Amino acid sequence: ADTGYASPGNILSPNQFTGATNGFSLDNVFATDSVSGHQQAFGGFSVGVPTGSNVDGVEVNVRAKSSAASGCQVGVSVSWDGGTTWSSPQNVSITNTDTNYTFGGATDTWGHTWTAAQTGGGKFAVRVQNVDPGTVCADGSLLSVDSVQARIDYSSQSAIANNNTSSGQSSGGGGGGGGLSGL
């Protein structure tokens, strides 16, 4: 299961982008920054998973562009404690076309063993970073972030228990090839 994509509801520190709340929704109004290394944190995502669930992965979508045609990057980190601790960033190269960039995924836990409690109650946060990886990105290129969204993929304890109970069991018959015929 997953929580569905959610947008941020508030700004956290670091707060270094101009018009940071413009990153809340997909509307062609942008949060911007032109200084490599500057970061903007977003919180208030409604992505809490049910108590007792296992967090299988975290996916973040950032719709962004650069004023440079190529060579610049946007980086994303996630937090499980309201922005006190952050994962290592994942960076992707961006272009001057407003594009959706995906970070993480359904089975990517960003190097952290999550608890259900770390996905809700204001603990989950996303940090976006303006990254100039070297001479290919023009100095002072403008990073424009149109929207930030996140979702949590999870499995419930009951689903895990049911899967473990039923795996490896045969439903009678014998020798029928494991029930995969016709697939």
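Residues numbered from 1 in each chain as written. Predicted model: local features only at pLDDT ≥ 70, side-chain atom pairs only at ≥ 80, totals over all residues. Heavy atoms only, no water.

J.: Hey, could you run me through the state of the cysteines in this one?
T.: As used here, a disulfide is simply a covalent bond connecting the sulfur atoms of two cysteines. A complete count under the given rule lists one disulfide for this structure. There is a disulfide in this structure between Cys72 and Cys137, and the S-S distance comes to 1.9 Å. One disulfide, between Cys72 and Cys137, carries an S-S torsion of 85° and so falls in the right-handed class. In this pair, Cys72 is assigned in strand β5 (residues 72–79) and Cys137 in the loop between β8 (125–131) and β9 (143–155), connecting sequence segments 65 residues apart. (Disulfide = S-S within 2.5 Å. Helix = DSSP H or I, 4+ residues; strand = E, 2+ residues; numbered from the N terminus.)

J.: Quick question: what am I supposed to make of the packing of aromatic side chains here?
T.: The description of an aromatic ring pair rests on the distance of the ring centres and on the angle between the ring planes. Enumeration according to the criterion identifies four aromatic pairs in this entry. Between Trp80 and Trp114, the ring centres sit 5.7 Å apart and the planes meet at 80°, which makes this aromatic pair edge-to-face. Remark: Trp114 occurs in the loop between β7 (99–104) and β8 and Trp80 occurs in the loop between β5 and β6 (90–94); sequence separation between them is 34 residues. Using a relative accessible area of 6% as the deciding quantity, one classes Trp114 as buried. With a centroid separation of 6.0 Å and 45° between ring planes, the pair formed by Trp114 and Phe124 is classed as tilted. In this pair, Trp114 sits in the loop between β7 and β8 while Phe124 sits in the loop between β7 and β8, placing the two residues ten residues apart along the sequence. Classification of Phe124 by relative accessible area gives buried; the value is 2%. Each member of the aromatic cluster is reached from another via a ring pair, and the members are Phe45, Trp80, Trp114 and Phe124. (Phe/Tyr/Trp six-rings, centres within 6.5 Å; stacked < 30°, edge-to-face > 60°. Buried < 20%, exposed > 50% of the residue type's maximum accessible area, 1.4 Å probe, protein only.)

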